[in-house]
Amino acid sequence: MKARVFVTLKPSVFDPQGQTIVEALHSMGYAGVGDVRQGKYFELEVSSTSAEQARALASEVADKLLANPVIESYRIEVE
Amino acid sequence: MIKFSIVVFPGSNCDHDAYHAAKHVLGQEAEFVWHKETSLHGADVVVLPGGFSHGDYLRTGAIARFSPVMSAVAEFARAGGPVLGICNGFQILCEAGLLPGAMLRNRDLKFHCEHVSIRVEQTDTPFTSRASRGQVLRIPIAHGEGNYYAEPDVLASLESSGRVVFRYCDARGQVTEAANPNGSLHGIAGICNERRNVVGLMPHPERACERPLGSADGLVLFESVVSSLASHGALRTA
């Protein structure tokens, strides 16, 4: 099975990279883009037999390694 | 003699500077400890040096904190042993939960490699006992991710318990936005844990221990720990 983990900075944390990207977009004329938050995306190949198991495993590794709970939060998709 | 154990991770690059400061400048014992080891070789002081452990992949310090040696470092810290995390070492201590908070990219997204001024805020840690409160140290920084962040309640507790050990300042010791090289909250350059034996800072005192290098202001951190251990007795570990 495949689990996808999306890690993003918490809303309270300033994202200088996202800020730079949105400024670039504005200078390119994309005034319709209000804000950009840059994050990280992980694809995990897991040997789990159920979606629940895959989600639990992905959540465990996200908590322990993929995300830093001080500054980041994450979301998981399983297929 | 005091023994400094300097942990070497794949990608550490200030390990030799720390070794040189401890052994050749201070005349103490120093030994490298590879990150796969599970013992600290009888350390009196542990240094997590600067560098780019594991290529800074994922997040700075995120992989290194799971190195086998880190269990021994955590145990040493729990027993009250002095631990100094410099730059990447500070990032590793934060990732390991031995110090609170986390490091973000510098606010201007630039890697800063320059001498800065930092003000000693607290002298009741083993690494600042020979400094004076308000003393301004001229010390180099070299990092792209030194923008210290912590949740408001954590910051408040750091401030109220006097755990901000160093702050970026101008040459006269004034903490200003202009003197803050990376956007760190409250101008924080270094902090300590509740017990005050674990200290992390982004600037590199080990690179400022001899006048020909431009500054010997960093020496006071190493002299402090040597004199703290001499007066309080060293904590030898296995």
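This write-up is about the structure you can find in this document. (Residues numbered from 1 in each chain as written. Chains lettered and ligands numbered in written order. Predicted model: local features only at pLDDT ≥ 70, side-chain atom pairs only at ≥ 80, totals over all residues. Heavy atoms only, no water.)

1. Things to note about the overall build of chain B
Looking only at helices and strands, chain B features five helices and eleven strands. Since a compact globule built from 238 residues should have a radius of gyration of about 18 Å, the 16 Å found for chain B is in line with a globular shape. Summarising its shape, the C-alpha atoms of chain B cover approximately 45 × 35 × 35 Å along the three principal directions. Taking all 238 residues of chain B together, 58% fall into the buried category. For chain B, long-range pairs separated by at least 24 residues make up 77% of all intrachain contacts whose partners lie at least 6 apart in sequence. Just so you have it, chain B exposes about 9000 Å², and 51% of that area is on carbon and sulfur atoms. Within chain B, the 24 negative side-chain charges are centred at a point lying 2 Å from the centre of the 21 positive side-chain charges. (Helix = DSSP H or I, 4+ residues; strand = E, 2+ residues; numbered from the N terminus. Rg over C-alpha atoms; globule rule 2.2 N^0.38 Å. Buried < 20%, exposed > 50% of the residue type's maximum accessible area, 1.4 Å probe, protein only. Contact = heavy atoms within 4.5 Å. Areas by Shrake-Rupley, 256 points an atom, 1.4 Å probe, with all protein chains shown as cover. Lys, Arg positive; Asp, Glu negative; His and termini not counted. Charge placed at Lys NZ, Arg CZ, Asp CG, Glu CD.)

2. Some remarks on the sheet that holds strand 3 (residues 72-78) of chain A
All names here are of chain A. In spatial order, the strands read 2-1-3; together these three strands make up an open sheet with antiparallel pairing. Looking at which strands have only one partner, the edges of the open sheet turn out to be strand 2 (39-45) and strand 3. Looking at each pair of strands side by side, their axes are set apart by 20° on average, direction ignored. Sheet strands touched by helix 2 (residues 51-66): strand 1 (2-9), strand 2 and strand 3. Its angle to strand 3, the strand with the most contacts, is close to 155°. (Pairing = 2+ DSSP bridges. Axes fitted to C-alpha atoms, helices over the stretch in contact; angles between N-to-C directions.)

3. Considerations on helix 5 (residues 219-232) of chain B
Helix length check: helix 5 of chain B, at 14 residues, gives a terminal C-alpha distance of 20 Å against a target of 20 Å (1.5 Å per residue), a fit within 8%. Those residues of helix 5 of chain B lying buried are Leu219(B), Val220(B), Leu221(B), Phe222(B), Ser224(B), Val225(B), Val226(B), Ser228(B) and Leu229(B). (Expected span 1.5 Å × (residues − 1).)

4. What about the packing of aromatic side chains?
Scanning the entire structure with this criterion turns up five aromatic pairs over all chains. Arg75(A) extends its terminal NZ or CZ atom over the ring of Phe6(A), reaching a point 4.2 Å from the ring centre. Above the face of the Phe66(B) ring, Arg65(B) is positioned so that its terminal group lies 4.3 Å from the ring centre. (Phe/Tyr/Trp six-rings, centres within 6.5 Å; stacked < 30°, edge-to-face > 60°. Lys NZ or Arg CZ within 6 Å of the ring centre and 35° of its normal.)

5. Topic: the pairing of strand 1 (residues 3-8) of chain B
Residue and element names in this part refer to chain B. In terms of burial, strand 1 is a largely internal element, six of the six residues being buried. Of the two faces of strand 1, the one holding Lys3, Ser5 and Val7 and the one holding Phe4, Ile6 and Val8 are both buried throughout. For strand 1 and strand 2 (residues 29-34), the ladder comprises six bridges, and the chain directions are parallel. Each residue of the ladder has a partner; that of Ile6, found in strand 2, is Phe32. Note on the crossover from strand 1 through helix 1 (residues 15-25) to strand 2: the handedness is right-handed. Pairing analysis gives three bridges linking strand 1 to strand 3 (residues 45-48), with the strands arranged parallel. Bridge assignment links Phe4 to a residue of strand 3, and that residue is Val45. (Right-handed = clockwise from strand over helix to strand, strands pointing away.)

6. Observations regarding the side chain of Ser48(A)
Residues and elements named next belong to chain A. Tracing the chain through its elements places Ser48 in the loop between strand 2 and helix 2. Given the relative accessible area of 11%, Ser48 is considered buried. In contact with Ser48, not counting residues within four places along its chain, are Met1, Gln53, Ala54 and Leu57.

7. Some points on the environment of His20(B)
Residue and element names in this part refer to chain B. Mapped onto the secondary structure, His20 falls in helix 1. On the accessibility criterion, His20 (30% relative accessible area) is partly exposed. Note: C-alpha distance between His20 and Cys209 (189 residues apart in sequence) is 9.4 Å. Once residues within four sequence positions are removed from consideration, His20 is found in contact with Val25 and Glu210.

8. As for the sheet that holds strand 6 (residues 112-120) of chain B
Residues and elements named next belong to chain B. The sheet built from nine strands is open, its strands ordered 2-1-3-4-11-10-9-6-7 with mixed pairing. Of all strands in the sheet, those bounded by a partner on one side alone are strand 2 and strand 7 (136-143). Each strand axis lies, on average, 25° off the axis of its neighbour in the sheet, ignoring direction. Strands strand 1, strand 2, strand 3, strand 4 (83-86) and strand 11 (198-201) of the sheet are contacted by helix 2 (residues 69-78), whose axis makes an angle of about 135° with strand 3. Against the sheet, helix 5 engages strand 1, strand 3, strand 4, strand 7, strand 9 (164-169) and strand 11, with an angle of about 130° to strand 1.

9. So, the pattern of salt bridges
Under the counting rule described, the total for this entry stands at 14 salt bridges over all chains. A salt bridge links Lys3(B) to Glu31(B), with the shortest nitrogen-to-oxygen separation between them at 2.6 Å. With Lys3(B) in strand 1 and Glu31(B) in strand 2, the pair connects residues that are 28 residues apart, well separated along the chain. Judged by its relative accessible area of 27%, Glu31(B) is partly exposed. Between Glu177(B) and Arg107(B) there is a salt bridge; the shortest N-O distance is 2.7 Å. Remark: Arg107(B) occurs in the loop between strand 5 (102-104) and strand 6 and Glu177(B) occurs in the loop between strand 9 and strand 10 (188-192); sequence separation between them is 70 residues. Classification of Glu177(B) as exposed rests on a relative accessible area of 54%. Residue class for Arg107(B) comes out partly exposed when judged on its relative accessible area of 34%. Beyond isolated ion pairs, a larger network of salt bridges with shared partners links Lys40(A), Glu72(A), Arg59(B) and Glu95(B). (Salt bridge = Lys/Arg side-chain N within 4 Å of Asp/Glu carboxyl O.)

Spatial relationships are all this shows, so hold off on functional conclusions.
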